[in-house]
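# A look at the structure
The residues making up each chain are set out below.
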Amino acid sequence: MEPNALPVDKEKSFSLKKLLESLIHSGDDHLNKEELNKVLQICGENSEYIKQSFKYIFKLLEKKHAEIRFSATQLCHELFMKFEEFQKLLISDIHLFFKYTMGIKASEPLPPPKATANKLKKSSMQYFLQWHNKFSRKYFKLKLALEYLDEIEHVDFRTFEIVDPKERKEREEKEKISKKLMKARLDKLSGQMKDLIPEIRCTLTSLESCFELLLPSPVNDELTNGDSNYEEDMRLFGVVNPKHVVPIEIKLSDKVPIKIDDENSALIDAAKDAYTLINNRFLPKVKAWIEIINKGEGERHNLKEAIVLCKQLENATLKYHRLDFINEKQEVKEDEVSTDSELEEVEEPKPPPKKKIHVESSLFSTSSEDKKIEKNKTSHAEDTPKSQPGPSNVQINDRKKKLLEVAPKLPFDIDLYHWEDEKLATPTMIATNTEGARFWGGGTEDLVELPIPDGASALRTRVIEFAGEWKPVNHTCRAPLSSGKLCPRQDREKCPFHGIIVERDDTGKILNKEDEDKVAKSKPNDVPDWQDPKLLAEIKAQTGLDLKMPEKGKRKKKKKKYPGLTDLNEIKNTPANRISKKIFNKKAVARVAATLDKIDQKKHRDKFGDQFNYVHGT
């Protein structure tokens, strides 16, 4: 301990360690302000606490977890900006700080998670730049460290990234090439503009002159001359102030109709040609010029001229779109066709009526005569009006008799064959001799007939399967589930999951006590006697051993020591990693290699097995 240092309180040092541990293992992007203020307060009391915190922080910087290192660098920055003792300690070991936070060496990269590792790299560079700007006059080692990072380790403090010198040179060369190409492109563009702009302006003037000739605008010369007698003359017509201006809104959507005749057809053709040339060639070209000039740096003297030209071309196209050219010849033709006298109404053909098929006749009738009878009946039924009453009982009975004659008949069972036989011979069967072979056997004398047990009674009995009537199940199990809902199964008597089905209310409780006893008896007692909870509690109290067996399907999950941190084992436990463990297992690889060797040997023997040299060589 230093002579000027104060004695250290063990409780405070322990609480400081706990605070540092919770701050660094939180896994959050920002430090907890309350805990940070407590740490700063404790460190401000004694320099020994600063040393303890520095040792503990650098110990945790070695951990191979990016979130731990990220929180530790934030804590380092806070202590560095606050305490001079911490500044001296960190500057003395600043090479370790670079190693664990910036990942300068390719052989020692930053640990996962990757996103947090990128944050750690940038934040550590930003913190170091702040330290250098504020304390470089006081600590000369910070200047040396900045030169080292800039010149040797190629740290770019503009983008806060480590740049490879080869990549930097390639990037600079690419920038030079792109600038040269852009300059050449702009020179070519300026030449194109000088050649093409006069043609564009000529086309615009021709289109504007077509507009003026098609739509002449009267100009009042008296308003510009300003005669004194003009006001007096206008008062006679009821206009008090002739200089009053009335604003008129003109909608661009309103089209101006122009009828095409022999006089203006040449003007309209010229306007169409000028519009197609502007819309298809000049306007896209000028827009492309503006884009190229905006990409270039510095040289924008042609931009203003290109923008003005683009607006003029767009206005000309809008004016052209407002013109609605009407051809008188087409109107006449349309009027001639639209006369109602020449149109004739054509009736649509109706589909043929669908034939009604009688169901009973198709089921029971087999012969052609029966089909004819049924057809006659159906035709007779269709001819009868709806007001007549239905068929009588006599007609129905006659119809049934005819159907029964046609219906197939089944023979009676074997019991009716022997029903009246008083002396019924019992059926026998020939016994097989198992000792003899399959193909070699004795004659017919060795065969023995044996009576079939209950053979006579079996010939006089008939087995009839009675299925009964099926009744639908309208009730549900309604036992309460873990999700808060009720069991929707519709079993008749017993649910496979909840036992006997009984009456329950809307919450799932059993209504009758008798039903509760039934359900309790139906449930099997899975817990053995030696797993009685009272007995287990007494054993644990006396011996300290917990003999409770774990439940099936439930494993005790280990509580995470630091739940805020991301589990790196879960990140590694991907399907690809699991498959690779099975495929690239040593035993599996050896087994595959052995099978491949066998296949190669077999191919070798099949090809060269008849040659003496190769056979003895294998």
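Everything that follows concerns the structure shown earlier in this document.
Now for a quick tour of the structure. (Residues numbered from 1 in each chain as written. Predicted model: local features only at pLDDT ≥ 70, side-chain atom pairs only at ≥ 80, totals over all residues. Heavy atoms only, no water.)

### Description of the overall build of the chain
Along the backbone of the chain there are 25 helices and eight strands. Classification of the 618 residues of the chain by burial places 25% in the buried group. Across the chain, contacts joining residues at least 24 apart in sequence account for 62% of those joining residues at least 6 apart. Within the structure as shown, the chain displays about 49900 Å² of accessible surface, and the carbon and sulfur contribution to it stands at 54%. (Helix = DSSP H or I, 4+ residues; strand = E, 2+ residues; numbered from the N terminus. Buried < 20%, exposed > 50% of the residue type's maximum accessible area, 1.4 Å probe, protein only. Contact = heavy atoms within 4.5 Å. Areas by Shrake-Rupley, 256 points an atom, 1.4 Å probe, with all protein chains shown as cover.)

### Let's talk about a positive patch on the surface
Together, Lys17, Lys18, Lys59, Lys63 and Lys561 give the surface a local cluster of positive charge. Within the secondary structure, Lys59 sits in helix H3 (residues 47-61). (Patch = residues over 30% accessible without salt bridge, like charges linked within 9 Å, V, L, I, M, F, W, Y side chains within 5 Å. Salt bridge = Lys/Arg side-chain N within 4 Å of Asp/Glu carboxyl O. Lys, Arg positive; Asp, Glu negative; His and termini not counted. Charge placed at Lys NZ, Arg CZ, Asp CG, Glu CD.)

### Brief notes about the packing of aromatic side chains
By the definition in use, this model includes nine aromatic pairs. With centroids separated by 6.1 Å and ring planes inclined at 55°, the aromatic side chains of Tyr320 and Phe325 adopt a geometry described as tilted. Both residues of the pair, Tyr320 and Phe325, count as buried. (Phe/Tyr/Trp six-rings, centres within 6.5 Å; stacked < 30°, edge-to-face > 60°.)

### Re H3
A rise of 1.5 Å per residue sets the reference length of H3, with its 15 residues, at 21 Å; its end C-alpha atoms lie 21 Å apart and thus fit the reference within 8%. Of all the residues in H3, the buried ones are Glu48, Tyr49, Ile50, Ser53, Phe54, Tyr56, Ile57, Phe58, Leu60 and Leu61. Contacts from the buried residues of H3 go to helix H1 (10-24), helix H2 (33-45), helix H4 (66-82), helix H5 (84-92) and helix H6 (94-101). Sitting at the amino-terminal end of H3 is Asn46, which places a side-chain oxygen 3.3 Å from the backbone nitrogen of Glu48. (Expected span 1.5 Å × (residues − 1). Polar contact = N/O pair within 3.5 Å; in protein donor to acceptor, adjacent residues only side chain to side chain.)

### Comments concerning the nonpolar core
Core analysis: the largest hydrophobic core is formed by 50 residues, its most contacted members being Leu75, Phe86, Leu90, Phe98 and Phe128. Mapped onto this core, the elements with two or more residues apiece are H1, H2, H3, H4, H5, H6, helix H7 (114-135) and helix H8 (140-152). Those residues within four positions of Phe86 in sequence are excluded, and the remaining contacts are Ile50, Phe54, Ile57, Cys76, Leu79 and Phe80. Ranked by size, the runner-up nonpolar core spans 34 residues in total, among them Ile200, Ala271, Leu303 and Ala316. (Core = buried A, V, L, I, M, F, W, Y, C linked by side-chain atoms within 4.5 Å.)

### Notes on the side chain of Asn302
Examined against the element boundaries, Asn302 turns out to sit in the loop between helix H12 (265-295) and helix H13 (303-322). Those residues in contact with Asn302 that lie beyond four places of it in its chain are Ser190, Met193 and Ile293.

### Notes on the packing of helix H9 (residues 165-214) against H12
Orientation of H9 relative to H12, taken along the N-to-C sense of each, is 150°, at an axis distance of 9 Å. Here H12 runs roughly antiparallel to H9, going by the angle between their axes. Regarding H9 and H12, the two cross each other, and that crossing is left-handed. (Axes fitted to C-alpha atoms, helices over the stretch in contact; angles between N-to-C directions. Parallel < 35°, antiparallel > 145°, perpendicular 65-115°, else oblique. Left-handed = near helix turned anticlockwise from the far one by under 90°.)

### Quick word on the pattern of salt bridges
Counted according to the given criterion, the structure contains ten salt bridges. A salt bridge links Lys99 to Glu108; the shortest N-O distance between them is 3.9 Å. What you see here is one network of salt bridges that share partners, running through Glu84, Lys88 and Lys138.

### Topic: the environment of Glu78
Looking at the secondary structure, you find Glu78 in helix H4. Since its relative accessible area comes to 34%, Glu78 is described here as partly exposed. Here the alpha-carbon distance between Glu78 and Leu40, two residues 38 residues apart in the chain, equals 8.6 Å. In contact with Glu78, other than residues within four places in its own chain, are Leu31 and Leu36.

### Brief notes about a negative patch on the surface
Side chains of Glu167, Glu170, Glu172, Glu173 and Glu175 sit close together on the surface and give a patch of like negative charge. Within the fold, Glu170 resides in helix H9. Among the residues examined, Glu170 registers a relative accessible area of 46% and is labelled partly exposed.

By themselves, these figures tell us nothing about what the structure is for.
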